[in-house]
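These are the residues of each chain, in order.
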Amino acid sequence: MKSMLSDQELIVAFGNGDNSAMDMLITRYHSKILGYIRHLVRNQELAEDLCQETFIKVINSLKKNTYHDDGHFSAWLFRIAKNLIIDNYRKNTKLPTVSNESNEVDLFNNAKFSDETIETKIVKGQISNDLKDLIRLLPEEQRTTVLMRLNLDMSFKEIAEVQNISINTALGRMRYAVINLRKMIEEKNLIMTLQ
């Protein structure tokens, strides 16, 4: 069964003419790549275009035999996506931003809160909005790490591979992000708990 094959095995199969192996790789990574791009560009249409372009580049590189297997296919995939985002930003100098409040994952969405009062929902919505605003104020490296961890549910190992850093650096960025968030919460006198 192809879904049990490693990335490297699928790459070899694709190189041997098995196009379904590429379909499996795309299925395996599409939602993570799209989510990663969407959180950085904040525009659904642009994210979909860049995601498609990412996989086109992957296919072309594999067909031309320019990919050198070092066991880090997913990191290579995310680097391609990141480079496409940077190239697009440089080309357009100013990306149009679209509010995607309706598309963002609610950090506080949990089944145990399904029978809550209207007041509780309002307070939770405010806490969520405050947290999102604070995350936007973090330095880019910390913000990206937090979004990958919370919104994309990536492990610190995956985050380290994508950002081409050590796991300790990824953990450190998350730690400093939490420290910075706590400091901002105190400075702004925000209440981030239900009372």
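A brief look at the structure comes next. (Residues numbered from 1 in each chain as written. Predicted model: local features only at pLDDT ≥ 70, side-chain atom pairs only at ≥ 80, totals over all residues. Heavy atoms only, no water.)

### Some details on the overall build of the protein chain
Within the protein chain, the secondary structure is distributed over eight helices and zero strands. The order of α-helices and β-strands along the protein chain, N terminus first, is α-α-α-α-α-α-α-α. Looking at the 195 residues of the protein chain, the share that counts as buried comes to 38%. A separation of at least 24 residues holds for 58% of the contacts in the protein chain among residues at least 6 apart in sequence. Surface exposure of the protein chain reaches about 12,200 Å², of which carbon and sulfur atoms provide 50%. (Helix = DSSP H or I, 4+ residues; strand = E, 2+ residues; numbered from the N terminus. Buried < 20%, exposed > 50% of the residue type's maximum accessible area, 1.4 Å probe, protein only. Contact = heavy atoms within 4.5 Å. Areas by Shrake-Rupley, 256 points an atom, 1.4 Å probe, with all protein chains shown as cover.)

### Thoughts on the packing of aromatic side chains
Tallying each qualifying case throughout the model produces five aromatic pairs. Relative to Phe78, the ring of Tyr36 lies with its centre 5.2 Å away and its plane at 85°, an arrangement referred to as edge-to-face. One end of the pair, Tyr36, is in helix α2 (residues 19-41); the other, Phe78, is in helix α4 (residues 73-92), and 42 residues separate them in sequence. Residue classification places Tyr36 among the buried residues on the basis of a relative accessible area of 4%. The class of Phe78 is buried, set by a relative accessible area of 3%. By the ring-pair criterion, three or more aromatic residues cluster together here, those being Tyr29, Tyr67, Phe73 and Trp76. Note that Arg175 overlies the ring of Tyr176, its terminal NZ or CZ placed 5.5 Å from the centroid. (Phe/Tyr/Trp six-rings, centres within 6.5 Å; stacked < 30°, edge-to-face > 60°. Lys NZ or Arg CZ within 6 Å of the ring centre and 35° of its normal.)

### Structural notes on a negative patch on the surface
On the surface, Glu45, Glu48, Asp49, Glu53 and Asp87 cluster together into a patch of negative charge. Per-element tally for the negative patch: the top contributor is helix α3 (residues 44-63), with four residues. For Glu45, the position within the fold is in helix α3. (Patch = residues over 30% accessible without salt bridge, like charges linked within 9 Å, V, L, I, M, F, W, Y side chains within 5 Å. Salt bridge = Lys/Arg side-chain N within 4 Å of Asp/Glu carboxyl O. Lys, Arg positive; Asp, Glu negative; His and termini not counted. Charge placed at Lys NZ, Arg CZ, Asp CG, Glu CD.)

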